[in-house]
Each structure stands twice: as C-alpha cells, then as structure tokens.
Amino acid sequence: MLSPVLCSELSALEPEYTEADVISAVEFSQSGEFLATGDKGGRVVIFQREPLGEYNVYSTFQSHEPEFDYLKSLEIEEKINKIRWLPQLNSAHFLLTTNDKTIKLWKVSERDKRPEGYNLKDEEGRMKDISKITSLQVPVLRPMDLLVEASLRRVFANAHAYHINSISINSDCETYLSADDLRINLWNLDITDRSFNIVDLKPENMEELSEVITVAEFHPHHCHLMAFSSSTGTTRLCDMRSRALCDQHAKLFEEAVDPANRSFFSEIISSVSDVKFSHSGRYLLTRDYLSAKVWDLNMENKPVETYQVHDYLRSKLCTLYESDCIFDKFECAWNGTDSVIMTGAYNNFFRMFDRASRRDVTLEASREVCKRRAVLRPRRVCVGRKKRESDVSVDSLDFRKKILHTAWHPTDNIIAIAASNNLYIFQDRHSHHGHHAGHRLEQDRPPQLQDAPPQ
Amino acid sequence: MEYKVEAHRIMSISLGKIYNSRVQRGGIKLHKNLLVSLVLRSARQVYLSDYYSGVCLNAQHVEAKEWELMDGDQEKLIPASEDSLPSSTDCDQTEAAEVPEAPQPEETLPSLAVEGPEDPCEAVEGPKDTSSSEPQAEQEGSSSVDSTSDVSVPSPVVSEPECEAKQAKVSSLDCETDSNLAMSAEGNSHQPPKAHSCSNRKRSAEKTASHDSPVKRTKVTSSNADEEEAEEMDTSNVSNLITIFGSSFSGLLSKESSEPEAETEESDSGSGQICCDQMLKNLNPWSTAIVAF
C-alpha cells in the first residue's frame, strides 16, 4: 500500500484566506510534468516538476474575470470549474480552462532568448533619434532569464445557456466536449464560432425536468465514445457514430437503489458528482455522495466494486442538508495502473482504496499533520467510542474542511490534494523518484503576477 | 407524528434554500434547485399523508356535532318537504354512517372534506400525474354513497391523499348540494359556515358529477379549478402556510407585495430562473405563495 510523504506544500502563510483563493480545479498534464490549479478568483497557477521531484510555481495568470450578463441580469462567476491539458505537440503547452459560461484555450510557452540590436529602438524600447543612426545592424538573439508567458489563443463563448460543469478533450486531439446542466456540445479546438450539440436533455416543458447532467467525459482511447452522468445516479455511455444527437444511450449504468435505505435525501446522495474512465478504458469510476463505484463497461446493471467513502454520514443527512454540505461534489481519481482509486472527504481527509487487496486508508491533509518528509499516519473515523487516541469521532468532523479536488499523476505515485486554499503534493515514500530537498518549502500564492519566474 | 415534524422542518428549510438561491452570486444553480425541489416534494408527501391522519382524528368530533345540528334541522324539515327528503336524508344517513367510521384514517377523508374545505382544496391541487387507479376506486365509493348502499369506502393507500380528498370532496359536495337545496327549499337560511365557501365550488362539483372517465374529469377540473379556488382561498391559504412553514415564511409575506414586479421581470430572464419558477409552480399547490419566488 502507498505510504505518502509530503514533498511540497504550497500554501499561503497566513491561515486566513479569502474566498477567491479557494482552489476549485486541479489537473496534472498528460506527462505529469506540470500541475495546474484553478481557483475561485479565476486565476490559474501552473507548477512544474523539478528534477529533484518537487513541484514549483511555473506560471500564474488570470484566466477568467467576473462578467455580467445584461440580458439575463445574471452575474457570471469567474471561478474556474475545470482545467484540462492538451497532449503536448511542441515546446509549448496548451490547456483549456472553463468557468460557468466560457471556455478558453491558453498557450504557455517559455522564452529564454531575446532579440537585441534593433535599429530604430534602443535597449529600453525608446525610439532612437533617426539622425544619429549611421549604420544598419541585424538584431541577434541573446540568452535571457527564462520567462514563462501564458497567452490566450481561443475563446469558446456563448454556447451554453446553463452552467458548464465539465470539459473533456477527445483522444483525437482535435475535438473536445463541454457539458452544462442540460446539454453537451462538441467543439473543434480551432473553431470558436460554432459547436455541435450532441446531447440535449432539456424537456419541452421545463416543469417536467427530472434530471440534469453532472459530468461528461470522453473515452481515453475510443474517440467515438463518451460518458455522462446525471443527477439521478445513472451514467450513460454514448456512441457518436450511431447518430448525431446522442440522447439515446448505448449503455446505461445504473444500480437499483435499496428500498430499505430510502429517505428524503435518497435522490440527492445518489447524484453522481464525478465520472472518470480508467486509463485502460475498461472501467468507469463514479462518485456519489457516500460511495465510489467501479463499473465494468461491459456490465450495466451493477458496479463491479463499491467503496464506502464515509457511510457514517448516512445518519446525518438532514444536518448536512441544512448546511448545504450534501450538495458538495467530490471528485475521484485513478492511479496510473488503475489499481488504486482515490477520493476526498470531510475534515481534510482523503481516502485511497486498493482494488486488488480491498484495503483502504484514510489520510489527512492539513498543516498540523503534514511535516515534510514525514510519512502520513492513517486516520480513522469512529462512530461510537474512540478505540484509539488518534481516532476521530464523527461528531468532531469539521465539515467546512472538505477535499473536493484531487488528482493523481498519470504514471507515478504522486498525488495532488486541494484543501481550501492549500495545495498538498504527496509522493510515495518508496518511489524511486523520491528525493526531497532539505529546506522547508513555503510560498505565498502569488497574487496578481502575470509571469512568475521559477526560483 | 415525528415524521410530520421532520417533514415540516425539511419543507421550510427547502423553501428557504430556494429563496436564497435567487440572491446568490452566479445565478440560480439548476442542479441544486432540482435536488432541493425533489426533497421538498417528498417531504410534502410525507407531511400531507401525516397531516390527514392527524387532523382527521381531531376533526371527527367537531364534524359529528355539525351533522347533529343538520340532522336536527332535517327532522324539522321532514313534514314540510317530502320531495327533496329522500336524497337529503340519504345523504344524512350515509354521512352519519360515515362519521362513526371516522376513526379509521382512510374513511375520515370524506368528513374531512367538509370540515376543512380549504385544506383539502390546497392539497387537491397536487401533482397532476395522480394515478388513475385511485380516482376510480374512490368514484366507486362515491357512487355507493349516492345509491345509499353500504358505505364501504375503499381503503386506498394513504400516500395518495390528494386524490382521495378530491374524490371525497366531490362526493360530499354532491350531498351538500342536495342538502343545501333541501334547506333553501324550506326557506331556511341556515347554512353551515363552511358550506358557503363550498357552494362556490358547485361548479366544479357538477363537472365531476358524471362518473364517466373519472380520471380525465378529475385532471381537467383540478387545473380549471386551480385559478378560481386559488383566488378564493387567498387569505386562508396564506394563514395555513404560515402555520405550516413557521418563521421561514414571514419574510416571504412581507416581500410578496413588492415581489410581483420583480417576478415578471425575472420570469423573462434566465433559462435557469424560468425553469425554477415553473418547477415550483408545478410542484407546489400553493401557487399564490410561491408566486413570491
């Protein structure tokens, strides 16, 4: 089983933080060299993995700004909902970021050479006095300090009447999908003024609305297959070859609800909050409020594995409903070999489940507990009396501290955990990549820098 | 009873959430509001099913006294009019026969309809997709009332109280219409206070008098009666809602007068808001109150 060790903790020094600093998206690049985070203030921070194994800030930019829709008198939040990296084709890196209404394609590139010796401008950029120019020179490229720039390449706007909840890049690297509550659109990465609608759940009469789309994702290998989950607890697999509008699903993954467990909140806790294909493409991981399920794409009527993340909350659903916690959308993740799944919980706990051995572990991501190079101790939540001193009782769980966003490196055992405004990066102690720097790394999150040179 | 309190609380919390979602940043979140409305609906179903079983037990005593009064009047009327007697006495007998059976929750519904006309009417404007089996079962019951055979009110599932109340109300109104006619024929102006408000609903009662295709009539009536009954029951509607929803509703009342303008604006804007409004109107029978949203 993994023994995670803290290798980087990137967080604000002060415990007080503003709402805008809360991390709302975490995503590793396809190679794992970069890690992008988005926050509620619309900023994106990109970290790069150093040769020693640590992640340091690479670039920061403001991706989305708050907007106002004058027609509908609605404010559009700048919160970054999802980030997805494109596969790398050249030296530049491309990523898609989205808020509730607009998707943007960013290019992040390095510049380490600068042209010098202009004829008309001097070194500071001021125009030279023409009468003083006597000869012609050819500008040459000279090395400079590394500069990382993020430039906006495409804006995909005005295609969604409802709030965008997910984006997913197709394996063909040319198209991607964006999903809102009722519709899924297919885009070409180069074309911003049109998109194709491939799923439309909007009923003729909105009064008959019974379900919304919660997450959509393309299959990792088959460019014609995509999956989307709904608020009713079902996940559908659609084949885009069969027809242009994929309202009819090819497969429907739904488990019958145990009638003994019915309560007022049964519908809410069955709503799927995240869907992830396994790297192999054979399995689907879905997360609902209390559990995580692994589905085999070949079997629709029940999952092959069900993992209870925090079933002790089942008796507290009413309290969680009052505090709105029951609407929290937890993400889930596979490891590189699809042998372990991970998801977040409350009290800054996150859980990992080993599929083969059926062992699971609960770990905590918090400042007090995480010291550099110290192995994380497994935690336990107990319902009744504490059996061990380190146990945490259900009643003392802090529901304001929730780990909604987690990401796993595509190949290595490195995980990124977002806890409010803090980002924790853990590495497996036994990983052969693990070399830890001696100094304790603590950085302020750069507030408004356009480019942050690496240290 | 615990379920009733719990359901009541959950309903008020849900309404508060829906109300707050209008003012939060970023616009109405369709997903969250859909889930909240589902909770609101299930809580309401539990609450109403419990409501009837609770209120009926109390109503039985008051109702019995009312009918005693009416019986007394009827006895005075007997020598005066013999034509209208059979139907009225039949009704009295069957109603009286129903009263002793009141203790059982299902069978108190007919008497409940007389006792609290506002409440069943509210509940009646329930989801339009009521099952067809229930109205038919109750129609048989009401036809048995008319034919003065043994009153064997079928015991439908308590989870469909709206439907039963509707049918029961219809059957009792039929009787009441007759009894009203009987009394007015004698020039007796005595009418039970509640019959006055019920008399406005003679229109709807007559519509459903025929037993052909009961399901269709029921649905049509409920949608037609929606408007007129809503207006009539405005004040009683609101006062009932206050008791049901407690403090979370008081803020809504004060804003209700100022809200209508805002409501029309908002109903034109935002697909998320439109569907939210429409969803609420569909799910909640108390349309006047929810207009405030």
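Everything that follows concerns the structure shown earlier in this document.
Report follows, based on the coordinates. Here the structure is a predicted model, which means the values were calculated and not measured.

Another point: the overall build of chain B. Across its full length, chain B carries 15 helices and zero strands. Every one of the 293 residues in chain B was classed for burial, and the buried ones make up 53%. For chain B, the proportion of contacts with a sequence separation of at least 24, taken over those separated by at least 6, is 81%. Here chain B has roughly 12800 Å² of accessible surface; of this, 53% comes from carbon and sulfur atoms.

All right, on to the pairing of strand 27 (residues 360–364) of chain A then. All names here are of chain A. Where burial is concerned, most of strand 27 is hidden: four out of the five residues are buried. Of the pairings in the sheet, the one linking strand 26 (residues 349–354) to strand 27 comprises five bridges and is antiparallel in character. Looking at strand 27, one finds that Met352 is bridged to Val361. Where strand 26 folds back onto strand 27 in an antiparallel hairpin, the turn is made up of five residues, including Arg358, whose phi is positive at roughly 60 degrees.

To continue, consider unusual backbone geometry. Residues and elements named next belong to chain A. The backbone of Cys173 shows a phi angle near 60 degrees, a positive value even though the residue is not glycine. Along the chain, the position of Cys173 falls in the loop between strand 12 (166–169) and strand 13 (175–179). You will see that Ser420, though not glycine, has its phi angle at about 55 degrees, which is positive. On the secondary structure map, Ser420 appears in the loop between strand 31 (414–419) and strand 32 (422–428). Overall, the relative accessible area of 17% leaves Ser420 in the buried class.

Glancing now at the sheet that holds strand 13 of chain A. All names here are of chain A. In spatial order, the strands read 12-13-14-15; together these four strands make up an open sheet with antiparallel pairing. Either end of the sheet is taken by a strand with one partner, and the two such strands are strand 12 and strand 15 (191–200). The sheet shows a mean angle of 25 degrees between the axes of neighbouring strands, taken without regard to direction. The pairing of strand 13 with strand 14 (residues 183–188) spans five bridges and is classified as antiparallel. Within strand 14, the residue paired with Thr175 across the bridge is Asn188.

On to the nonpolar core. Counting residues in hydrophobic clusters, the biggest one holds 48 residues, and the most contacted among them are Phe265, Tyr289, Leu313, Tyr321, Ile326 and Leu397 of chain A. For this core, the secondary structure elements donating two or more residues are helix 1 (266–270), strand 21 (283–287), strand 22 (291–296), helix 2 (317–322), strand 24 (332–334) and strand 26 of chain A together with helix 1 (2–23) and helix 2 (30–77) of chain B. Element by element, the count of residues in this core is highest for helix 2 of chain B, at seven residues. What Tyr321 of chain A contacts, discounting residues up to four positions off in sequence, is Phe265, Ile268, Ile326 and Phe327 of chain A together with Ile10, Ile13, Ser14, Lys17, Val36 and Val39 of chain B. Core analysis: the second largest hydrophobic core is formed by 22 residues, Leu177, Ala179, Leu209 and Phe228 of chain A among them.

Cut-offs applied
Residues numbered from 1 in each chain as written. Chains lettered and ligands numbered in written order. Predicted model: local features only at pLDDT ≥ 70, side-chain atom pairs only at ≥ 80, totals over all residues. Heavy atoms only, no water. Helix = DSSP H or I, 4+ residues; strand = E, 2+ residues; numbered from the N terminus. Buried < 20%, exposed > 50% of the residue type's maximum accessible area, 1.4 Å probe, protein only. Contact = heavy atoms within 4.5 Å. Areas by Shrake-Rupley, 256 points an atom, 1.4 Å probe, with all protein chains shown as cover. Pairing = 2+ DSSP bridges. Axes fitted to C-alpha atoms, helices over the stretch in contact; angles between N-to-C directions. Core = buried A, V, L, I, M, F, W, Y, C linked by side-chain atoms within 4.5 Å.

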